[in-house]
Every structure is written in C-alpha cells, then in structure tokens.
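# Descriptive analysis of the structure
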Amino acid sequence: MKKQKLKILFLCTGNSCRSQMAEGWARHFHGDKYDFYSAGIEKHGMNKRAIAVMGEAGVDITHQSSKTLEELAPIEFDLVYTVCGHANEHCPYFPGSCKVLHVGFDDPPKLTLGMSNEEEVLSQYRRVRDEIREFVKNLKVD
C-alpha cells in the first residue's frame, strides 16, 4: 500500500501574498514528497506583486487561488504553518494530530504603504520572497 503524502497548510490573514509564496516555494522544492495548500482567515485575492516576484524567481503561482479555510474544510492537515501574526493569534482549532507552528514573515503590502517607487516596492516583496524561500527550502517535517 502506498504511503499517503503529508498534507501541509500555510495560513495567513488574506491568502494573497505570504502564504501563496510559501505554497509556491513548497510545491517547487518538495511537491514530490508532500501535498501543500495555502488559505486565509479571510479571502483577499491574489497579490499581483507577489505573482510578479515569484515569477522572477522561476516559480509560477498564477494557477493558485486565494482560499479560505472553509473551502479546504474536507482536508485533514498534518501540519499548519501560520506565516503572519494575525493568523497565529486567530488560528482555528485543527482536529486530530495536526501540529500548528508559527513562522512569521513581514507583510509586503504593509511594508510598502506610502511608497511610490515601484522598484522600491518590489524590493520589499523580493526580500520577503527570499526569506520564505530559505525557510521552505530547508523544511523538515518528518
């Protein structure tokens, strides 16, 4: 009998940026070993700048979509990573043996509030993208 892949969720407030980048990197580096998902406490749609900087790094997240936890309700996760403080503070209860861990990353939209230079804005997104990449690349779940 084939062993079922672990199901891992990246949870953020709006599932538009950080959790989407984490899912993209996770599928890129470890998609053959685990099943990855992302969701939000709320649904904010996909962030165009997150899509752009992930594309620059060779990871296409345009096929992903912004989702709420309710949309993934039938799935029983083995591991949940909260990637923002709000999701960590408001993380719902996950039944069974699901483990919940917090790994916070800066919020690019908040970091760039009031910035008018698009290259400066994108540099903040790239920094967070690269921090998420390093975390996900070194992910050890077994």
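The structure under discussion appears in the preceding block.
Read on for a plain summary of the structure. (Residues numbered from 1 in each chain as written. Predicted model: local features only at pLDDT ≥ 70, side-chain atom pairs only at ≥ 80, totals over all residues. Heavy atoms only, no water.)

With 29 residues, the main nonpolar core has Phe10, Met21, Tyr81 and Ile132 as its most contacted residues. Those elements that provide at least two residues to this core are strand S1 (6-12), helix H1 (18-30), strand S2 (34-40), helix H2 (48-56), strand S3 (79-82) and helix H5 (118-137). The element that contributes the greatest number of residues to this core is H5, accounting for six residues. Leaving out residues up to four positions away in the same chain, Phe10 has contacts with Ser19, Ala22, Glu23, Ala26, Phe36, Tyr37, Ser38, Ala39, Tyr81, Val83, Phe135 and Val136. Leu69, Leu72, Phe77 and Val80 belong to the second-largest nonpolar core, a separate cluster that totals 10 residues. (Core = buried A, V, L, I, M, F, W, Y, C linked by side-chain atoms within 4.5 Å. Buried < 20%, exposed > 50% of the residue type's maximum accessible area, 1.4 Å probe, protein only. Helix = DSSP H or I, 4+ residues; strand = E, 2+ residues; numbered from the N terminus. Contact = heavy atoms within 4.5 Å.)

Applying the stated criterion across every chain, the model contains 13 salt bridges. With its nearest N and O atoms 2.9 Å apart, the salt bridge here joins Asp106 to Arg127. One end of the pair, Asp106, is in the loop between strand S4 (99-102) and helix H4 (108-111); the other, Arg127, is in helix H5, with 21 residues separating them in the sequence. Judged by relative accessible area, which is 37%, Asp106 ranks as partly exposed. According to the relative accessible area criterion, Arg127 is partly exposed, its value standing at 29%. (Salt bridge = Lys/Arg side-chain N within 4 Å of Asp/Glu carboxyl O.)

Right, let's talk about the sheet that holds S4 for a bit. Strand order across the open sheet formed by four strands is S2-S1-S3-S4, with parallel pairing between neighbours. The strands lining the two open edges of the sheet, one partner per strand, are S2 and S4. Between one strand axis and the next, the sheet turns through 20° on average, direction left out of account. In the packing of H1 onto the sheet, contacts are made with S1 and S2, and the angle to S2 comes to roughly 175°. (Pairing = 2+ DSSP bridges. Axes fitted to C-alpha atoms, helices over the stretch in contact; angles between N-to-C directions.)

Their axes nearest at 10 Å, the elements H1 and H2 cross at an angle of 25°. Here H2 runs roughly parallel to H1, going by the angle between their axes. Note on packing geometry: the crossing formed by H1 with H2 is right-handed. Residues Met21, Gly24 and Trp25 of H1 touch H2, and the partners they reach there are Ala50, Val53 and Met54. Along the lines of polarity and charge, the residues of the contact of H1 with H2 split into five nonpolar, one polar and no charged. (Parallel < 35°, antiparallel > 145°, perpendicular 65-115°, else oblique. Left-handed = near helix turned anticlockwise from the far one by under 90°. Nonpolar A, V, L, I, M, F, W, Y, C, P; charged D, E, K, R; others polar.)

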